Amino acid sequence: MRISTNMMLNDTLNNVETSYQNYVDAQQSLATGKKLNQPSDDPAGTSQALSLEESLGQLTQYAQNMNTANSFMENTDTALASVTNLIQQARSLAVQSASDTVSNAQRQNLAYQINTIIQQIGALGNSKDGSRYLFGGQKATTPPFTVSNGSYVYQGGTVANGNANLTVDIGQGESIVTNVTGDQVFTGVLSTLTQLSNDMTNNNLTAISNTDLANLDSNLSNVTQARAMLGANVQRINSSLERNSAVQENFTNLLSQVQDVDISQAAVQLQSSQLAYQAALTATSKGFQQSLLDYIK
Amino acid sequence: MSNSFLGINTAGSALIANQAVLDVISQNVSNVNTPGYSQQTANLTQMPPYTDSGVAFQSTQIGTGVQVSSITRATDEFVTQRLLSATSNQSQSNQLETTLNEVQGLYNEPGTNGLSNLMNTFFTSFQTLATNSEDSGIRTTVISNAQAMTGMFNSVSTGLTNMTTNLQGTIQSTITQANNLVGQIAKLNQQIMDGVVNDTHPNDLMDQRDQLISQLGNLVGVTTSQELSPSGQPNGMVDVYIGGMSIVQGTQSYKIPTQTETINNQPYLVNEGTPVQISGGTLGGMVQSINLIAGYQSNLDTIASSLITQVNQLHSSGYGLDGETGLNFFTGTNAATIQVNPQLVSNPNAIAAATPPAAGQSVSASNGDNASAISNLANTPIFGNNSILQQYNANITKIGADAQSFTNDYNNQTQIVQQLQSMQSSVSGVNIDEQMTNMLQYQRSYQAAAEMVTNINSMLDSLLSMVQ
């Protein structure tokens, strides 16, 4: 093939440009650490990266939901543990007061103690996690128990009104109830204790041993049941959280594989493209040194 | 008996001819870097011989020297034709690559400012709202996340519309530019034909015309054919066509129609109602670009409108903290018009995070069940098996795949063009070393001829001194 002067120039220019472009590309990918800068770099990879990012965003959100729920449920359980203790205390006071060896004056004293327990349980019924009342159902911004005519009245959400449950999404299509309402665990025990206190004041020993003690036992099992339900849900959340963080780790790795540059590979690429660029430049400078013009005198 | 001055005349013709060859070499060297220049060659032939019947020769022919019979340019018509169509394809794919790069820039994926992330953030902020529905700070966050998303929808949509408007303007100016070239080609046809008729070898005009045709091919794919005179010989003129439509017919040029359209994704010009396919050139690329952009725009509108419909349907059934219900979350119908309902912007408590309360009940502050339902739209299959987010990702993948294929096209076409340019340059390009060699050769011939003149002159001197 006949080579014209410009052909040689153009070919050399093209070679230099191509090797320079490769050099710049290699430099850029090492500098940014990303091989996926726009969809055309890898259309299938982009789609994968976008859905991984979306899943990661949602997983982070679910993890946040679960952590919030965990704190709420732990606080609920602590409150209910105190309620359990107080019921047990009340029960032993009731057993004591049911005995006819106890004087009426002593029984009055025991009734006072029951009244203190009523106040303590009532206060627990209004306990909070941050700004939310634990036992108010969906009406979590106002105290669930108010005192009217000396007795506690529940004002929170109920199953009957459809506003009892605080639900939290813990995964795609997976949700969990995080709360126990005041009317489930507090209303019963508060009314039993009020009755007990009255029976003590009135020295109604039959009522104490026949009715109040049995009611207290049923109230206690109510609380125990609620705590068992909570415990099961906390466990479910903890295992969900574990799964969640394992999946997040897995997705983060996958995402990195799709969009991040393999540093050692990129470094080698940079080295070789630099070499190719230098070679092209050398060839250019040598190629144009020779001309017949140098020899015509 | 031959003329005493025959020899000096013969040598004189060599002086003139060699001088002419050196002139052509000079022209070649001067134009070594001129785009479109074809190397020229001075063709030497012997002069008609002189028949002598004298003393020295018995009735024989004797040469009378050398002349330049023609100056021709070195071209390969076949390579030129292939280069013309390859250049058109190259500029078309270059235009498409540019368009797609701009489109990708608008979408800004993958990135935190891309719609994929913004839509996802929008949906997850409804999750946060679901667990904190009474929190006014989070309600404000929901609004600002939603506004970031609608803002991006608006901006991508406006960007696409602006691209189309700009392309439409550029198409018209490209057609004007092409019409200008077409007019110049027709004018050159006239001048070249005059030259051919008068046998003056208008090489430089032909180079100029090839150059104009190549420029035209960059703008719009054209084919050419040599015109023949009635005797069947080329008359030097070239006819130019777009598709089957003639735009240069000898010395006559025709205006390129300004109306364009796309049929089956292929670009067309509309010539008095008849579609003429455009094969290549930036014009073809731009018409095709407009069609592609319209497709992306409509896909984006589908995403926006289903987002509007789905979110509004849930939102209007729910209740705000303040008991407000029946409100749409978004106003607008497509990517260009989607906005967060201004009523919600001024009163975030009206965001309907709650499901309807039971009859006779007021809204419970911590009911976030409707917010949770809205948030779960992120994973609800709406387009077949695809959720809104997945459908959007599929759109981005399509844009990426289009961009990648046009980039590959462009790279391939560039390779082809470079190869053909090399082939053309191999035939038509000037090689300085070669020209210098020729220069030395003809310089020597010139010197020899001059020596001959001196020599014969001294012979004639001797002859004349005899007479004295």
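Draft legend 1. Spotlight on the overall build of chain A. When you go through chain A residue by residue, the secondary structure sums to 6 helices and 6 strands. Reading chain A from its N end, one meets helices and strands in the order α-α-α-β-β-β-β-β-β-α-α-α. A compact globule built from 297 residues should have a C-alpha radius of gyration of about 19 Å, whereas chain A, at 38 Å, is more than 25% larger. Summarising its shape, the C-alpha atoms of chain A cover approximately 140 × 35 × 25 Å along the three principal directions. For chain A, buried positions account for 36% of its 297 residues. Long-range pairs, those at least 24 residues apart, make up 72% of the contacts in chain A between residues at least 6 apart in sequence.

Draft legend 2. Main features of the pairing of strand 11 (residues 274-277) of chain B. Residue and element names in this part refer to chain B. Pairing geometry for strand 10 (residues 266-271) and strand 11, over 4 bridges, is antiparallel. Paired with Asn 271 across the two strands is Thr 274, which belongs to strand 11. Counting the residues between successive antiparallel strands, the hairpin from strand 10 to strand 11 contains 2 residues, one of them, Glu 272, with a positive phi of roughly 45°.

Draft legend 3. Summary view of unusual backbone geometry. Residue and element names in this part refer to chain B. The omega torsion across Glu 109 and Pro 110 is -15°, close enough to zero to call that bond cis. Within the element layout of this structure, Pro 110 appears in the loop between helix 2 (77-107) and helix 3 (115-131). Positive phi, close to 50°, is recorded for His 201, a residue that is not glycine. Topologically, His 201 is positioned in the loop between helix 4 (136-197) and helix 5 (203-219). By C-beta crowding, His 201 is classed as partly exposed, having 17 other C-beta atoms within 10 Å. Positive phi outside glycine occurs at Glu 272, with the angle close to 45°.

Draft legend 4. The sheet that holds strand 11 of chain B, seen in detail. Residues and elements named next belong to chain B. Here we have 3 strands laid out as an open sheet, ordered 9-10-11, and antiparallel in their pairing. The open sheet has two edge strands, strand 9 (260-263) and strand 11, and neither has a second partner. Going across the sheet, the axis of each strand differs from the next one's by a mean of 45°, ignoring polarity. Packing against the sheet, helix 6 (residues 281-317) makes contact with strand 9 and strand 10, and its axis sits at approximately 65° to strand 9.

Draft legend 5. Fine view of the sheet that holds strand 8 (residues 252-253) of chain B. Residues and elements named next belong to chain B. Strand order in the open sheet formed by 4 strands is 5-6-7-8, and the pairing between neighbours is antiparallel. Edge strands, defined here as strands with exactly one partner in the open sheet, are strand 5 (223-228) and strand 8. For strand 6 (residues 234-242) and strand 7 (residues 245-249), the ladder comprises 3 bridges, and the chain directions are antiparallel. The partner of Ile 242 across the bridge, within strand 7, is Met 245. Lying over the sheet, helix 4 contacts strand 6, strand 7 and strand 8, oriented at roughly 165° with respect to strand 6.

Draft legend 6. Structural context of the interface of chain B and chain A. Taken together, the contacts link 50 residues of chain B with 46 residues of chain A. Of all the secondary structure elements, the ones that give two or more residues to the side of chain B that touches chain A are helix 2, helix 3, helix 8 (369-375), helix 9 (388-428) and helix 10 (432-467) of chain B. Ranked by residues supplied to the side of chain B that touches chain A, first place goes to helix 9 of chain B with 17 residues. When grouped by side-chain class, the residues that make up the side of chain B that touches chain A number 17 nonpolar, 29 polar and 4 charged.

Draft legend 7. The arrangement of the domain arrangement of chain B in detail. Residues and elements named next belong to chain B. Taken domain by domain, chain B holds domain 1 (6-74 + 429-467) and domain 2 (83-415). Distance between the C-alpha centres of domain 1 and domain 2: 65 Å. Each partner contributes residues to the interface: domain 1 has 9 residues there, and domain 2 has 6 residues. Broken down by element, the side of domain 1 that touches domain 2 gets its largest block of residues, 4 residues, from strand 4 (residues 66-73). For the side of domain 1 that touches domain 2, a count of residues per class yields 3 nonpolar, 5 polar and 1 charged.

Criteria and thresholds
Residues numbered from 1 in each chain as written. Chains lettered and ligands numbered in written order. Predicted model: local features only at pLDDT ≥ 70, side-chain atom pairs only at ≥ 80, totals over all residues. Helix = DSSP H or I, 4+ residues; strand = E, 2+ residues; numbered from the N terminus. Rg over C-alpha atoms; globule rule 2.2 N^0.38 Å. Buried ≥ 20, exposed ≤ 12 C-beta atoms within 10 Å, placed from the backbone. Contact = placed C-beta atoms within 7 Å. Pairing = 2+ DSSP bridges. Axes fitted to C-alpha atoms, helices over the stretch in contact; angles between N-to-C directions. Nonpolar A, V, L, I, M, F, W, Y, C, P; charged D, E, K, R; others polar. Domains from an automatic or database assignment.

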